[in-house]
Amino acid sequence: MCGICGKLNLDIDRPPVTRSAVREMCTPIVHRGPDDEGIYADGIAGIGIRRLSIIDLKTGGQPIHNEDHTIWTVVNGELYNFKEIRRDLESRGHRFYTNSDVEVVPHLYEEYGDDFPSHINGMFGIALWDSRSRKLMLVRDRIGIKPMHYAVESGTLLFGSELKSMLAAGMRRDISPPALSDYLSYNYIPAPNTIFRAARKLEPGQILVAHNATVSLKHYWDLPARADADGLRSEAEYCELIRETLKDSIRRRLMSDVPLGVFLSGGVDSGTIVA
């Protein structure tokens, strides 16, 4: 688990975003990433991370950039198909300077633009800053395993894996009565709402794009529709499909430069994973 955060000035008359301002946002989420801290700031925007090192312990520090240092990214999560992506990108002429899964992100963006998240298999919250076009992108994985919050107020966009980072940057603390009602009713607050009026959750499979002082949202993925009757399979075929899908899913998640373990709860899911 890592934690990312950052700030973007939508109003050019706002005071510059500094490294110290981003560091203040990183401080409340040290518990998410005790191994390292990384910050990039260029006046209009700043992104930061508290890192828990899992892949590429030596050279995988973030933020990570492209060859000419014009695209910067921080990622909370893991990209399971990064090796295949990297081989393809290298064949297209991209050069890498780490062994990190995160480094494929800026190069994917160079190749595919705003459509880059659709090429990733993983669990992730991504912040990407394109300093050439002055564009910030926030991305959440397809089913929302990793969190991403944002707020737009007073000509500034704030974001973070946790609301604590945004509060540290001065976000208003007004409580949202409908969100409080949801919490007392359901024991959680459904997206896109949060407990604070000013903040929103990025929804699963969603992208936020902040460009030219405007902020827009779009989905890059949704749950596929059910197959037509002609596409239905036998029970035995579905059992084999589930087995192979599960095996492939677990295999992808075994990439790590640190020891691995499994929590056994006594239920069907964790027992199946161990088996």
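This structure is a prediction, so every number in the text was calculated from the model and none was measured.

Conventions used here
- For every chain, the first residue of the written sequence is number 1, and numbering continues from 1 onward in sequence order.
- Owing to the predicted nature of the model, reporting of local features is limited to residues with pLDDT of at least 70; listing and counting of side-chain atom pairs is limited to 80 or more, with chain, interface and lining totals taken over all residues.
- Computation of side-chain values: all heavy atoms of the structure, hydrogens and water removed.
- Where helices and strands are cited, they refer to DSSP runs of H or I of at least four residues and of E of at least two residues respectively, numbered from the N terminus.
- Radius of gyration: C-alpha atoms only; globule rule: 2.2 Å multiplied by the number of residues to the exponent 0.38.
- Three exposure classes are used, based on accessible area relative to the maximum for each residue type with a 1.4 Å probe and protein chains only: buried under 20%, partly exposed in between, and exposed over 50%.
- Contacts are residue-level and defined by heavy atoms, with any inter-residue pair within 4.5 Å sufficient.
- Working definition of accessibility: Shrake-Rupley area with a 1.4 Å probe, residue cover restricted to the visible protein chains.
- We treat Lys and Arg as the positive residues and Asp and Glu as the negative residues; His and chain ends play no part in the count.
- Charge positions are represented by NZ for Lys, CZ for Arg, CG for Asp and CD for Glu.
- Criterion for a salt bridge: a side-chain nitrogen of Lys or Arg within 4 Å of a carboxyl oxygen of Asp or Glu.
- Axis lines are fitted to C-alpha atoms, over the contacting stretch for helices. Their N-to-C directions set the angle, which ranges from 0 to 180 degrees.
- Oblique is the label for every angle not falling under 35 degrees (roughly parallel), over 145 degrees (roughly antiparallel), or within 65 to 115 degrees (roughly perpendicular).
- Definitions for this section: a left-handed crossing has its near helix turned counterclockwise from the far helix by less than a right angle. A right-handed crossing has that turn clockwise.
- Under the scheme applied, nonpolar residues are Ala, Val, Leu, Ile, Met, Phe, Trp, Tyr, Cys and Pro; charged residues are Asp, Glu, Lys and Arg; polar residues are all the others, including Gly.
- When DSSP locates at least two bridges between a pair of strands, those strands are taken to pair.
- Planes of paired rings set the category: under 30 degrees apart is stacked, over 60 is edge-to-face and the rest tilted, where pairs are Phe, Tyr or Trp rings (Trp by its six-membered ring) whose centres lie within 6.5 Å.

Asks: Can you break down the overall build of the chain residue by residue, with the values?
Replies: Helices and strands together make up the secondary structure of the chain, namely 7 helices and 12 strands. Over its C-alpha trace the chain gives a radius of gyration of 20 Å, about what one expects of a compact globule, namely 19 Å for 275 residues. Seen through its C-alpha atoms, the chain measures out along the principal axes to roughly 65 × 50 × 40 Å. Across the 275 residues in the chain, those meeting the buried criterion constitute 44%. Partitioning the contacts of the chain with sequence separation of at least 6, the portion at a separation of at least 24 is 56%. As displayed, the chain has an accessible area near 14,300 Å², and 53% of this comes from carbon and sulfur atoms. Distance between charge centres in the chain, computed from 33 positive and 37 negative side chains, equals 4 Å.

Asks: Go over the pattern of salt bridges, please, and point to the residues and values.
Replies: Scanning the model with the defined rule gives 16 salt bridges in all. Linking Glu 37 and Arg 23 is a salt bridge whose minimum nitrogen-to-oxygen distance equals 3.0 Å. Taken together, the residues Glu 37 in strand 2 (residues 36–41) and Arg 23 in helix 1 (residues 19–26) connect sequence positions 14 residues apart. With a relative accessible area of 27%, Glu 37 lands in the partly exposed category. Here Asp 114 makes a salt bridge to Lys 218, at a shortest N to O gap of 4.0 Å.

Asks: Describe the packing of helix 2 (residues 82–91) against helix 3 (residues 104–112), and please don't skip the residues or the numbers.
Replies: Where helix 2 meets helix 3, the closest approach of the two axes is 10 Å, and the angle between their N-to-C directions is 50°. On the basis of the axis angle, helix 2 is oblique to helix 3. Of the two elements, helix 2 crosses helix 3, and the hand of that crossing is left-handed. On the side of helix 2, the interface is formed by Phe 82, Ile 85, Arg 86, Asp 88 and Leu 89, while helix 3 contributes Val 104, His 107, Leu 108, Glu 111 and Tyr 112. Its residues assigned to classes, the contact of helix 2 with helix 3 comprises 6 nonpolar, 1 polar and 3 charged.

Asks: Quick rundown of the pairing of strand 7 (residues 135–140)? Include the residues and the values.
Replies: Two faces, one strand: in a regular strand the side chains alternate between the faces of the sheet. Of all 6 residues in strand 7, 6 are buried, a share of seventy percent or more. The two faces of strand 7 match: Lys 135, Met 137 and Val 139 on one face and Leu 136, Leu 138 and Arg 140 on the other face are all buried. Pairing between strand 6 (residues 122–130) and strand 7: 6 bridges, direction antiparallel. By the bridge assignment, Trp 129 is partnered in strand 7 with Leu 136. Bridge count between strand 7 and strand 11 (residues 206–211): 5 bridges; the pairing is antiparallel. Paired with Lys 135 across the strands is His 211, a residue of strand 11.

Asks: Go over the packing of aromatic side chains, please, and point to the residues and values.
Replies: Throughout the structure, instances matching the rule amount to 3 aromatic pairs. When the centroid spacing of 6.2 Å and the interplanar angle of 90° are considered together, the rings of Tyr 109 and Phe 116 count as edge-to-face. Among the residues examined, Tyr 109 registers a relative accessible area of 7% and is labelled buried. Judged by relative accessible area, which is 0%, Phe 116 ranks as buried.

Asks: Pulling in residues and values, what's your account of the sheet that holds strand 3 (residues 45–51)?
Replies: An order of 2-3-1-9-8-10 is seen for the 6 strands of this open sheet, with the pairing classed as antiparallel. Looking at which strands have only one partner, the edges of the open sheet turn out to be strand 2 and strand 10 (199–201). Shown here is a sheet whose adjacent strand axes are inclined to one another by a mean of 15°, direction ignored. With 5 bridges joining them, strand 1 (residues 3–9) and strand 9 (residues 156–160) adopt antiparallel strand pairing. By the bridge assignment for strand 9, Cys 5 is matched with Gly 160.

Geometric descriptors of this kind do not, in isolation, establish any biological role.
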